[in-house]
Amino acid sequence: MSDQGAVLRVKGRVLVGPEDVRDELWVIDGRISYERPAGARDVTTVEGWALPGLVDAHCHVGLDTHGPVPDEVAEKQALTDRDAGTLLIRDAGSPSDTRWIDGREDLPKIIRAGRHIARTRRYIRNFAHEIEPEDLVAYVAQEARRGDGWVKLVGDWLDRSSGDLGACWPRESVTAAIAEAHRLGARVTAHCFAENSLVDLVEAGIDCIEHATGLTEETIPLFAERGVAIVPTLVNIATFPRLAEQGDAKFPIWADHMRRLYERRYDTVRAAYDAGIPVFVGTDAGGALAHGLAGAEVGEFVTAGIPALEALSAATWGARAWLGRPGLEEGAPADLVVYETDPRADVRVLGAPRRVVLNGNVVG
């Protein structure tokens, strides 16, 4: 807000943190203050239950089922997320250049992981750099420099020679690549559905695993010990039965494997949470899945048995801290969502924001 006298007041219950609830906050020049401004004029008041803007920690802006999309389509994707209350996105791989979004005050903030890095002919066409292991370090270095502190690998995918999910990289290749990313100041995450890629990736020093449906009693303690986070994307895992049906005729072993991963998805996520593995909300929007589903993913966490307050944190306070971005602290950018009722009592309210405030402006 350029006018020093024009302020926004958020009144009701402001959920600054899981245990820090305040009666109001003020927005002055786009930033949060808990001090009532002296001599304020043109005060706009919004009432309700306020949370930090939701985080979708696995989203793809600029991507659809066929690959990169025009800027106007990427804009619609970002607006859909924004209007659903998602104001911070970790873009977990996109072939599109979306840097232009950074100049838009009305669009969510994006933390990019560059473009996916996959094994040759072992991923969705037009999505990734498709390379062989000897080139992995160089491509990881390239995407570490292009991204915003993250690199995205495809850790496993359908191996046509076996007819099942298979690991994509030898351990020595990912060990060297992850070390290079860390040297350049970037964290590394990987798409993994199956069981057999996890040990190598974790022991190679990876920071996060996407989907993580292949976690077992054997690998969960390893993740917990190393502090490796997971982003389960349960709203995406819900599509596994349909994918399995489509692949039954050609790859029956793979199809059966996908069904089994789906059937135990809630048990897997709850076991990971119970073991102390950091678990964060992400949707995998932008491929075949619609945008704007972060609230639905919080609901899936609760269905899996994660307490509602912890599920909220996985999309708000905890997720922002993990990504190194502020929430509703004094002086932080005013990125928040206001709801009719207490989201701690019923997370389904996340699907119906009353107001969305981005960079201090009411945008929805």
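Cut-offs used in this document
- Residues numbered from 1 in each chain as written.
- Predicted model: local features only at pLDDT ≥ 70, side-chain atom pairs only at ≥ 80, totals over all residues.
- Heavy atoms only, no water.
- 1 Å grid on protein atoms, 1.4 Å probe; cavity = no way out; pocket = protein on both sides within 12 Å on 5 of 7 lines; lining within 4 Å.
- Points joined across faces, edges and corners; volume = space filled by probe spheres on them.
- Nonpolar A, V, L, I, M, F, W, Y, C, P; charged D, E, K, R; others polar.
- Helix = DSSP H or I, 4+ residues; strand = E, 2+ residues; numbered from the N terminus.
- Pairing = 2+ DSSP bridges.
- Contact = heavy atoms within 4.5 Å.
- Buried < 20%, exposed > 50% of the residue type's maximum accessible area, 1.4 Å probe, protein only.
- Axes fitted to C-alpha atoms, helices over the stretch in contact; angles between N-to-C directions.
- Parallel < 35°, antiparallel > 145°, perpendicular 65-115°, else oblique.
- Phe/Tyr/Trp six-rings, centres within 6.5 Å; stacked < 30°, edge-to-face > 60°.
- Lys NZ or Arg CZ within 6 Å of the ring centre and 35° of its normal.
- Left-handed = near helix turned anticlockwise from the far one by under 90°.

Participant: Before we move on, could you go through empty space enclosed by the protein and cite the residues and values that matter?
Facilitator: For the coordinates displayed, the defined rule picks out two cavities of 30 Å³ or more. A volume near 60 Å³ is recorded for the largest cavity. Lining the largest cavity are Gly-155, Ala-167, Trp-169, Val-174, Ser-197, Asp-200 and Leu-201. The class makeup of the residues in the lining of the largest cavity is four nonpolar, two polar and one charged. Each pocket or cavity is described by its volume, and for the second largest cavity that value is around 30 Å³. Looking at the second largest cavity, the residues that line it are His-211, Thr-213, Leu-234, Ile-237, Arg-265, Thr-268 and Val-269. Listing elements by their share of the lining of the second largest cavity, those giving two or more residues are α6 (234–237) and α9 (265–274). Grouping the constituent residues of the lining of the second largest cavity by class yields three nonpolar, three polar and one charged.

Participant: Which residues make up the sheet that holds strand β4 (residues 41–52), and what values go with them?
Facilitator: In spatial order, the strands read β3-β2-β1-β4-β18-β19-β20; together these seven strands make up an open sheet with mixed pairing. Unpaired on one side and paired on the other, β3 (31–33) and β20 (361–362) mark the two borders of the sheet.

Participant: Can you explain the environment of Arg-355? Please cite residues and give values.
Facilitator: Take Arg-355: it is sitting in strand β19 (residues 355–358). Along the chain, Arg-355 and Leu-336 lie 19 residues apart, while their C-alpha atoms are 8.5 Å from each other. Every residue in contact with Arg-355, bar those within four places of it in the chain, is listed here: Val-46, Leu-336, Val-337, Val-338, Val-362 and Gly-364.

Participant: I'd like a description of the layout of surface pockets, backed by residues and values.
Facilitator: Computed from the structure, the largest pocket encloses a volume of approximately 1,100 Å³. Every residue lining the largest pocket is counted, 34 residues in all, and those nearest its centre are Tyr-123, Ile-124, Arg-125, Trp-157 and Leu-243. Only β13 (156–159), α7 (240–247) and α8 (252–263) provide two or more residues apiece to the lining of the largest pocket. Partitioned by chemical class, the residues of the lining of the largest pocket number 14 nonpolar, twelve polar and eight charged. Looking at the second largest pocket, its volume works out to about 210 Å³. What lines the second largest pocket is a set of 14 residues, and nearest its centre among them are Ser-94, Ser-96, Asp-97, Gly-114 and Arg-115. For the lining of the second largest pocket, a count of residues per class yields one nonpolar, six polar and seven charged.

Participant: Please provide a residue-by-residue account of the environment of Val-338, values included.
Facilitator: Relative to the helices and strands, Val-338 resides in strand β18 (residues 336–339). Residue classification places Val-338 among the buried residues on the basis of a relative accessible area of 0%. Sequence separation between Val-338 and Gly-12 is 326 residues, and the spatial gap between their C-alpha atoms is 9.5 Å. In contact with Val-338, not counting residues within four places along its chain, are Val-10, Val-46, Glu-47, Gly-48, Trp-49, Ala-50, Pro-353, Arg-354 and Arg-355.

Participant: I'd like to hear about the packing of α9 against helix α10 (residues 294–304), residue by residue, with values.
Facilitator: As a packed pair, α9 and α10 sit with axes 8 Å apart at the nearest point and diverge in direction by 85°. By the angle between their axes, α9 is roughly perpendicular relative to α10. Contacts between α9 and α10 involve Tyr-266, Val-269 and Arg-270 on the former and, on the latter, Glu-300, Thr-303 and Ala-304. Taken together, the residues that form the contact of α9 with α10 break down as three nonpolar, one polar and two charged.

Participant: Just give me the short version of the packing of aromatic side chains, but keep the residues and values in it.
Facilitator: Enumeration over the complete set of coordinates arrives at six aromatic pairs. Taking the ring centre of Trp-150 as reference, the NZ or CZ of Arg-90 above it sits at 4.6 Å.

Participant: Quick one: what's the story with the sheet that holds strand β9 (residues 109–112), residue by residue and with numbers?
Facilitator: Strand order in the open sheet made by the three strands is β5-β8-β9, with parallel pairing throughout. The open sheet is flanked by β5 (54–59) and β9, the only strands paired with a single partner. Here the strands of the sheet are splayed against their neighbours by 20° on average, with no regard to which way each runs. Where strand β8 (residues 86–91) meets β9, four bridges bridge the pair, whose relative direction is parallel. Residue Arg-90 lies in a different strand from β9, and its bridge partner there is Ile-111.

Participant: Describe the packing of helix α2 (residues 136–146) against helix α3 (residues 171–183), naming the residues involved and giving the relevant values.
Facilitator: A pair of packed helices is captured by two measures, namely the crossing angle of their axes and the spacing between those axes. Following both chains from N to C, one finds α2 and α3 inclined at 25°, their axes separated by 9 Å at the closest point. Classified by the interaxial angle, the pair formed by α2 and α3 is roughly parallel. Once α2 is placed against α3, the crossing between them reads as right-handed. Note on element contacts: α3 touches α2 through Ser-173, Val-174, Ala-176, Ala-177, Glu-180, Ala-181 and Arg-183, opposite Leu-136, Val-137, Val-140, Ala-141 and Arg-145. Considered class by class, the residues forming the contact of α2 with α3 number eight nonpolar, one polar and three charged.

Participant: Tell me about the pairing of strand β12 (residues 150–154), residues and numbers included.
Facilitator: Among the five residues of β12, five are classified as buried, and the element is accordingly described as predominantly covered. Relative to strand β15 (residues 187–192), β12 runs parallel, the two being bridged by five bridges. Bridging across to β15, Val-151 finds its partner in Val-188.

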